[in-house]
Amino acid sequence: MTKSFRGRRGGGQVVAVREATLRAEPGQFVAIVGESGSGKSTLARLLLDLIPATGGSVELDGKDVSRLTRAERREYRRRVQAVLQDPAGSLNPRKRVEQTIGEVVRLHKIARGRDAIRQKVTEALELVGMEPAERFLDRFPHELSGGQRQRVLIARAISLDPRIIVADEAVSALDASVKAGVLRVMADLTQTIGVGYVFITHDLPVVRKVADYVYVMKSGDIVEEGPKDRLFADPQHPYTRTLLAASPELAPLENP
Ligand SMILES: Nc1ncnc2c1ncn2[C@@H]1O[C@H](COP(=O)(O)OP(=O)(O)OP(=O)(O)O)[C@@H](O)[C@H]1O
Ligand SMILES: [Mg+2]
């Protein structure tokens, strides 16, 4: 895909993403890393079908998403979920956890009727480690910690049985210890429900911990890609080497 924008200060074009090819699949943890402004979020928005590509296409099972019928597009939006950083706004402050998750379950007709919906919400909360779920159903966002709010966003996404979750800086704002717990929950979901990720982050130690496959972006280009272990052990592109060198805790891989 390619995506260009009209320059912000009048004239010119900004090519935010240039002929990038990326593949995600259920059960796989794919990461995108790169400096600020390299086009990661733009690529995420393209994958989520939130903005149209200037060139190229997004395909699900070989089907071009821009050519789907309305019903198929709805299905795409269910199957490919977003989990973003928890800024004020991702969760409605006036809605309790049960309603926050329950309303998307109802909207997408995953379950019908109060009990079936509550059951689905409960399952989703348990899958993200919020147990017993009953303790959390009636809480408002301000009654949750940052890590718990992020877990609710993940629970809401998985309540729709997605195949892929596009996560843009989903754990970046969390403290180290909380971050590790939320990451573990996300990584475990590749096994428990078989979901795949396109996980965008600045944070290379995070990538090393959980990714299977990594794309490195710089100025709109994917400059390198490969299996995580290979990429960290033997980076090919000078930019990847620079990124790794800038992260001193990443010296030799200790725990592959
Ligand atoms: N709606 C827009 N209009 C104009 N330019 C945009 C728009 N969105 C993004 N850009 C530009 O596209 C480029 C890539 O931005 P993008 O947000 O994708 O980067 P990023 O890698 O997500 O950065 P960060 O790590 O800071 O989140 C930047 O030059 C940005 O200014
Ligand atoms: Mg971004």
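Because the structure is a prediction, the values reported are computed rather than measured.

**Student:** Where do I start with the site of ligand 1 in this structure?
**Tutor:** Around ligand 1, the structure places 15 residues, and the nearest of them are S36, G37, K40, S41 and T42. Contact distances for ligand 1 include 2.5 Å between an oxygen atom and a side-chain N or O atom of S36. Residue S41 places a side-chain N or O atom 2.8 Å away from an oxygen atom belonging to ligand 1. When ligand 1 sits alone it has 640 Å² of accessible area, and the protein chains cover 72% of it. Those elements giving two or more residues to the shell around ligand 1 turn out to be β1 (3-6), β2 (13-17) and α1 (40-47).

**Student:** I'm lost on the pairing of strand β10 (residues 221-227) in this one. Help?
**Tutor:** Both faces of the sheet carry side chains from a regular strand, because those side chains alternate between them. Pairing between strand β9 (residues 213-218) and β10: six bridges, direction antiparallel. Pairing of Y215 across the sheet is with E225, part of β10. Here β9 folds back onto β10 in antiparallel fashion, the turn holding two residues, of which S219 has a positive phi close to 45°.

**Student:** Would you mind going over the packing of helix α3 (residues 97-107) against helix α4 (residues 114-127) with me for this structure?
**Tutor:** Two quantities define a packed helix pair, namely the angle between the helix axes and the distance between the axes. Where α3 contacts α4, the axes come no closer than 9 Å and their chain directions differ by 115°. Taken together, the axes of α3 and α4 lie roughly perpendicular to each other. Between α3 and α4 lies a crossing of right-handed hand. The residues of α4 that touch α3, namely those facing V97, E98, I101, G102, V105 and R106, are I117, R118, K120, V121 and L125. Its residues assigned to classes, the contact of α3 with α4 shows six nonpolar, one polar and four charged.

Definitions and cut-offs
- Residues numbered from 1 in each chain as written.
- Chains lettered and ligands numbered in written order.
- Predicted model: local features only at pLDDT ≥ 70, side-chain atom pairs only at ≥ 80, totals over all residues.
- Heavy atoms only, no water.
- Near = heavy atom within 4 Å.
- Polar contact = N/O pair within 3.5 Å; in protein donor to acceptor, adjacent residues only side chain to side chain.
- Areas by Shrake-Rupley, 256 points an atom, 1.4 Å probe, with all protein chains shown as cover.
- Helix = DSSP H or I, 4+ residues; strand = E, 2+ residues; numbered from the N terminus.
- Pairing = 2+ DSSP bridges.
- Axes fitted to C-alpha atoms, helices over the stretch in contact; angles between N-to-C directions.
- Parallel < 35°, antiparallel > 145°, perpendicular 65-115°, else oblique.
- Left-handed = near helix turned anticlockwise from the far one by under 90°.
- Contact = heavy atoms within 4.5 Å.
- Nonpolar A, V, L, I, M, F, W, Y, C, P; charged D, E, K, R; others polar.

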